Amino acid sequence: MLIGEDFDKIEFTFLGLDLVEPNAMIGDGIVFILSLYLSFRVKKLDFKEPFYKYWHWFFLVFGVSFLFGGLGHMMYNYWSIKGKYIGWFSNIIAVFLAEQAMLSLHPNSKLRATFKTISQIKAIVVLVAMVVMFSSFDFSADEQKGLIIPAANSFVGLFSSIGILGYYYSNKLDSNFKYFVFSILVTIPSAFFQGLKINIHPWLDRNDVTHILLIATLLLYFTAVKRVKISFN
């Protein structure tokens, strides 16, 4: 076990390519497949409602972000830090979709419109900030700095929409929204593994632990979406 530093990247050769971090590709690939599956499951629900439409697109875009995230890890020797940009940008869009899904149910129409506008403005500002940041700085030496904006956006967006609104809706609309709150609790250990760089084994590093927790989080999202019974307006 290593704490405070990472194991050396696992290297392997495939089809003449010098690749790295197969464990990251495997974890991201599982998240991609699960997200794709959940997106089609949601599409079979009452798809005419924005709540389900946004969740369908969330799972789809979120999955794509992890597909490219895994490829960015594995192809790092060829793509460098730029290979991870698509995954990071896609993640920002996915967070926006989750925000819009939850906000679409707000019982106060004026607040709903206001919050949705704030969410839209935030997404634009974050995307522009990302473009400016990546155009102005080279994060190859320390890619963790490149994660600051996406990570902060995910924390603010998901904590407020999934956590706070999930708790509010569980009391006002349907108790099954509690699964969204549970999902926030599940992600908390990930912050410690990532922040403290806790790596159990080269094949089970901090990113792999995050993938495991993320799978549980996605299943809780879907459980909530599938079980809630609400009156749309």
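Note that residues are indexed from 1 along each chain, following the sequence as it is written. Only residues with pLDDT of 70 or above have their local features reported here, since the model is predicted, and side-chain atom pairs are shown and tallied only from 80 upward, although totals for entire chains, interfaces and linings are computed over all residues. Note that the side-chain values use all heavy atoms of the structure and ignore hydrogens as well as water.

Enquirer: So, the nonpolar core: which residues are in play, and what are the values?
Expert: Formed by 37 residues in total, the largest nonpolar core has its most connected members in Trp55 and Phe58. Under the scheme used here, helices are H or I runs from DSSP no shorter than 4 residues and strands are E runs no shorter than 2 residues, and both carry numbers assigned from the N terminus. For this core, the elements supplying multiple residues, two or more each, are helix H1 (22-43), helix H2 (50-74), helix H4 (85-103), helix H6 (148-172), helix H7 (178-195) and helix H8 (206-227). In terms of residues, this core owes the most to one element, H2, which gives 8 residues. Only heavy atoms matter for contacts: two residues are in contact if any of them lie within 4.5 Å across the pair. Ignoring any residue separated from it by four or fewer positions in sequence, one finds phenylalanine 58 in contact with Ala94, Leu97, Ala98, Leu218 and Tyr221. Throughout, nonpolar core names a set of buried Ala, Val, Leu, Ile, Met, Phe, Trp, Tyr and Cys residues whose side chains join them through atoms within 4.5 Å. Buried, partly exposed and exposed residues are distinguished by accessible area as a fraction of the type maximum, computed with a 1.4 Å probe on protein chains only: under 20%, between the cut-offs, and over 50%, respectively. Counting residues in hydrophobic clusters, the runner-up holds 9 residues, among them Ile81, Trp88, Ile92 and Phe134.

Enquirer: Account for the pairing of strand S3 (residues 17-20), naming residues and giving values.
Expert: If DSSP finds at least two bridges between two strands, the strands pair. For strand S2 (residues 11-14) and S3, the ladder comprises 4 bridges, and the chain directions are antiparallel. Looking at the pairing, glutamate 11 lines up with valine 20 of S3. The antiparallel hairpin formed by S2 and S3 contains 2 residues in its connecting segment, where leucine 15 sits at a positive phi of about 55°.

Enquirer: How would you sum up the packing of H6 against H7? Please name residues and give values.
Expert: Axis separation between H6 and H7 bottoms out at 7 Å; the angle between their running directions is 140°. The angle between H6 and H7 falls in the class oblique. The interaxial crossing formed by H6 with H7 has left-handed handedness. Contact residues: H6 offers Leu158, Phe159, Ile162, Gly163, Gly166, Tyr167 and Ser170, while H7 offers Lys178, Phe180, Val181, Ser183 and Ile184. Angles shown run from 0 to 180 degrees and are taken between the N-to-C directions of axes, each axis being a line fitted to C-alpha atoms and, for helices, limited to the stretch in contact. By definition in this entry, angles of less than 35 degrees are roughly parallel, angles greater than 145 are roughly antiparallel, angles of 65 to 115 are roughly perpendicular, and the rest are oblique. Crossings are assigned a handedness: left-handed for a near helix turned anticlockwise from the far helix by less than a right angle, right-handed for a clockwise turn.

Enquirer: Describe a nonpolar patch on the surface, listing the residues and the values that go with them.
Expert: Nonpolar side chains collect at one region of the surface, where Met1, Ile3, Phe182, Leu185, Ile188, Phe192, Leu196 and Ile200 lie side by side and expose about 810 Å² of accessible area between them. Along the polypeptide, phenylalanine 182 turns up in helix H7. Two distance rules govern patches: like charges are joined within 9 Å, and nonpolar side chains (Val, Leu, Ile, Met, Phe, Trp, Tyr) within 5 Å, applied only to residues with over 30% relative accessible area and no salt bridge. Surface exposure here means Shrake-Rupley accessible area, sampled with a 1.4 Å probe, where a residue is shielded only by the protein chains that are shown. Here, a salt bridge means any Lys or Arg side-chain nitrogen found within 4 Å of an Asp or Glu carboxyl oxygen.

Enquirer: Explain the confidence of the model for the chain to me, and be specific about the residues and the numbers.
Expert: Every residue carries a pLDDT, the predictor's confidence in it, which falls somewhere between 0 and 100. On average, residues of the chain score 90 in pLDDT, and 97% of them reach the 70 mark or higher. Mean pLDDT values for the elements of the chain range from 80 in strand S1 (residues 2-3) up to 95 in H1.

Enquirer: Please give an account of the packing of aromatic side chains that cites residues and values.
Expert: Pairing of aromatic side chains requires ring centres within 6.5 Å, counting the rings of Phe and Tyr and the six-membered ring of Trp. Pairs whose planes differ by under 30 degrees are stacked, by over 60 edge-to-face, and all others tilted. As enumerated under the stated definition, the model contains 20 aromatic pairs in all. Pairing phenylalanine 58 with phenylalanine 59 gives two aromatic rings, centres 5.3 Å apart and planes at 65°, and the pair type is edge-to-face. Judged by relative accessible area, phenylalanine 58 falls into the buried class, the value being 2%. A network of ring pairs unites the aromatic residues Phe51, Tyr52, Trp55, Phe58, Phe59, Phe62, Phe66, Tyr168, Tyr169, Phe177, Phe180 and Tyr221 as a single cluster. The criterion is that NZ of a Lys, or CZ of an Arg, lies within 6 Å of the ring centre and within 35 degrees of the ring normal, and then a charge sits over that ring. When the ring centre of tyrosine 76 is taken as reference, the NZ or CZ atom of lysine 9 above it lies at 3.9 Å.

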